[in-house]
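# Chains, contacts and geometry: an overview
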Amino acid sequence: MEKNYEYDNIISLAKKHNLKKIMIMRNSWNQGNWCIVNKIAIKPDGKYGYAWGHTHYANGNTANGKIDCAGTYAWRVVKVLEEDMEVTYLK
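Being a predicted model, the structure only gives us computed values, none of them experimental.

Conventions used here
- Within each chain, residues carry numbers counting from 1 in the order of the written sequence.
- Confidence filtering applies because this is a predicted model: local features only for residues at pLDDT of at least 70, side-chain atom pairs given and counted only at 80 or more, and all residues used for totals across whole chains, interfaces and linings.
- Note that water and hydrogens are dropped before the side-chain values are worked out from all heavy atoms of the structure.
- Strands here mean DSSP runs of E at least two residues long; helices mean DSSP runs of H or I at least four residues long; both are numbered from the N terminus.
- Type-normalised accessible area, obtained with a 1.4 Å probe on protein chains alone, sets the label of each residue: buried when under 20%, exposed when over 50%, and partly exposed for intermediate values.
- Here, two residues are considered to be in contact whenever any of their heavy atoms come within 4.5 Å of each other.
- Stacked, tilted and edge-to-face are the three classes assigned to paired rings of Phe, Tyr and Trp, where Trp is represented by its six-membered ring and a pair needs centres within 6.5 Å; plane angles under 30 degrees give stacked, over 60 edge-to-face, the rest tilted.
- Two strands pair if DSSP finds at least two bridges between them.

All right, on to the side chain of Lys-21 then. Among the secondary structure elements, Lys-21 is positioned in strand E1 (residues 20-26). The buried category is assigned to Lys-21, whose relative accessible area is 13%. What Lys-21 contacts, discounting residues up to four positions off in sequence, is Val-37, Asn-38, Val-80, Leu-81, Glu-83, Asp-84 and Met-85.

Per the stated rule, a full pass over the model turns up four aromatic pairs. Ring centres 6.2 Å apart and planes at 65° place the aromatic pair Trp-29 and Tyr-57 in the edge-to-face group. Residue Trp-29 is located in the loop between E1 and strand E2 (34-42), and its partner Tyr-57 is located in the loop between strand E3 (49-56) and strand E4 (62-66); the two are separated by 28 residues in the primary sequence. Overall, Tyr-57 belongs to the partly exposed group, its relative accessible area being 30%. Ring geometry for Trp-29 versus Trp-75: centroids 5.4 Å apart, planes at 90°, classification edge-to-face. In this pair, Trp-29 is assigned in the loop between E1 and E2 and Trp-75 in strand E5 (residues 75-84), connecting sequence segments 46 residues apart. Trp-75 gets classed as buried once you look at its relative accessible area, which sits at 1%.

Moving on to the pairing of E4. Inspection of the sheet shows E3 paired to E4 by five bridges, in the antiparallel sense. Counterpart to Trp-52 in the pairing with E4 is Lys-66. Turn length for the E3-E4 hairpin, with the two strands adjacent in sequence and antiparallel, is five residues, and the turn residue Gly-60 shows positive phi of about 100°.

Have a look at this one:
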């Protein structure tokens, strides 16, 4: 039975966790896939923006850079890290 996770967009999750780096998973990903959000850019509306980080896939592949679909409500936090993420506010 699947657990009930709180899914939200990456900007909202970052704010909820005091802009600390977060390990996240997307609702469509299988176990073993995860992403660390290192940097976000928040749009003027304060709700949406862009995210960058490190993605690790269960098959061993990795990717660094922009995280696609950051604004979708398909992400959940796996772990909150101690380090502050880099935050930019767009005009």
